[in-house]
Amino acid sequence: MTTASDDGAPPQSAAAPSPFPPIADYAFLSNCHTGALIAPDGSVDWLCVPRFDSPSVFGSLLDREAGMFRIGPFGLNVPASRQYEPGSNTIRRCGTHRPAG
């Protein structure tokens, strides 16, 4: 199945790969009042504050132009691995430094 566009662009297959990571690749952090979805690269792609039913502050989970926040070491874009600390909502990210350039 293909869809036509009004701007003359070539049709795009309905089976085209998604620009978004699979939802299973996101980590969930919460303090029981709100929650954040953390993408594999460490960016906060979804966050509603101060409560779950509040409007989203970061929404790039649904729209890449809807905003996100990322803090991480310079030159490291994707962690080598990440895992929850046992019995907590703390995520441990491990990576190797790859020089930019």
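Data block above holds the structure.
Worth saying up front: this structure is predicted, and the values here are computed from it rather than measured.

*Asks:* In this structure, what is going on with the sheet that holds strand E4 (residues 35–38)? I would like to understand it.
*Replies:* By definition, the strands of a sheet pair up through backbone hydrogen bonds, in either a parallel or an antiparallel sense. With respect to topology, four strands assemble into an open sheet ordered E3-E4-E5-E6, the strand pairing being antiparallel. Since the sheet does not close on itself, it has two edges, and those belong to strand E3 (27–30) and strand E6 (56–58), each with one partner. Neighbouring strand axes in the sheet, compared pairwise and without regard to direction, differ in orientation by 20° on average. Two strands pair when backbone bridges link them, and strand E5 (residues 44–48) and E6 are joined in this way by two bridges, in the antiparallel orientation. Note on E6: the bridge partner recorded for Cys 48 is Ser 56.

*Asks:* For this particular structure, what's the right way to read the packing of aromatic side chains?
*Replies:* Taken as a whole and assessed by the stated rule, the structure comprises one aromatic pair. Ring centres of Phe 58 and Phe 69 lie 6.2 Å apart, and the angle between their planes is 25°; this geometry places the pair in the stacked category. Note that Phe 58 is positioned in strand E6 and Phe 69 in the loop between E6 and strand E7 (81–84), a separation of 11 residues in sequence. Note on Phe 69: relative accessible area 42%, which makes it partly exposed.

*Asks:* Would you explain the side chain of Thr 34 in this entry?
*Replies:* With respect to the helices and strands, Thr 34 occurs in the loop between E3 and E4. With residues near it in sequence (within four places) discarded, Thr 34 still touches Leu 29, Leu 47, Cys 48, Val 49, Pro 50, Arg 51 and Phe 52.

*Asks:* Could you clarify how one ought to interpret a nonpolar patch on the surface in this entry?
*Replies:* Taken together, the side chains of Phe 28, Phe 52 and Tyr 84 define a hydrophobic patch exposed on the protein surface, amounting to about 300 Å² of accessible area. Mapping Tyr 84 onto the fold places it in strand E7. Note on Tyr 84: relative accessible area 37%, which makes it partly exposed.

*Asks:* Please explain the side chain of Ser 60 as it appears in this structure.
*Replies:* With respect to the element layout, Ser 60 can be found in the loop between E6 and E7. Using a relative accessible area of 1% as the deciding quantity, one classes Ser 60 as buried. If sequence neighbours within four positions are ignored, Ser 60 has contacts with Phe 20, Asp 45, Ala 66, Gly 67 and Met 68.

*Asks:* Honestly, the pairing of E5 in this entry has me stumped. Any pointers?
*Replies:* Regular strands place their side chains on alternate faces of the sheet. Burial analysis of E5 places four of its five residues in the buried class, the great majority of the element. Sheet analysis places E4 next to E5, joined by three bridges and oriented antiparallel. Bridge pairing in E5 links Ile 38 to Val 44. Joining the antiparallel neighbours E4 and E5 is a turn of five residues, in which Gly 42 adopts a positive phi near 95°.

Calculation criteria
- Residue numbers restart at each chain and count upward from 1, following the sequence in its written direction.
- Residues qualify for local features only when their pLDDT is at least 70, as the model is predicted, and side-chain atom pairs are given and counted only at 80 or more; totals for whole chains, interfaces and linings, by contrast, use all residues.
- Only hydrogens and water are set aside when side-chain values are computed; all heavy atoms of the structure are taken into account.
- Only when DSSP finds a minimum of two bridges between them are two strands counted as paired.
- A run of H or I in DSSP becomes a helix once it reaches four residues, and a run of E becomes a strand once it reaches two; helices and strands are each numbered from the N terminus.
- Axis angles are defined between N-to-C directions and span 0 to 180 degrees, where every axis is a line fitted to C-alpha atoms and, for a helix, only to the segment in contact.
- Here is the rule: rings of Phe, Tyr and Trp (six-membered ring for Trp) pair when centre to centre is within 6.5 Å. Planes less than 30 degrees apart are stacked, more than 60 are edge-to-face, and the remainder are tilted.
- For each residue, the accessible area found with a 1.4 Å probe, counting protein chains only, is set against the maximum for its type, and the residue is called buried under 20%, exposed over 50%, and partly exposed in between.
- Only heavy atoms matter for contacts: two residues are in contact if any of them lie within 4.5 Å across the pair.
- A patch consists of residues whose relative accessible area exceeds 30% and which take part in no salt bridge; residues with like charges are grouped when within 9 Å of each other, and nonpolar side chains (Val, Leu, Ile, Met, Phe, Trp, Tyr) when within 5 Å.
- Computed with a 1.4 Å probe, the accessible areas rest on the Shrake-Rupley method; for each residue, only the protein chains presented here act as cover.
- The term salt bridge refers to a pairing of a side-chain nitrogen on Lys or Arg with a carboxyl oxygen on Asp or Glu at a separation within 4 Å.

Geometry only, nothing functional implied.
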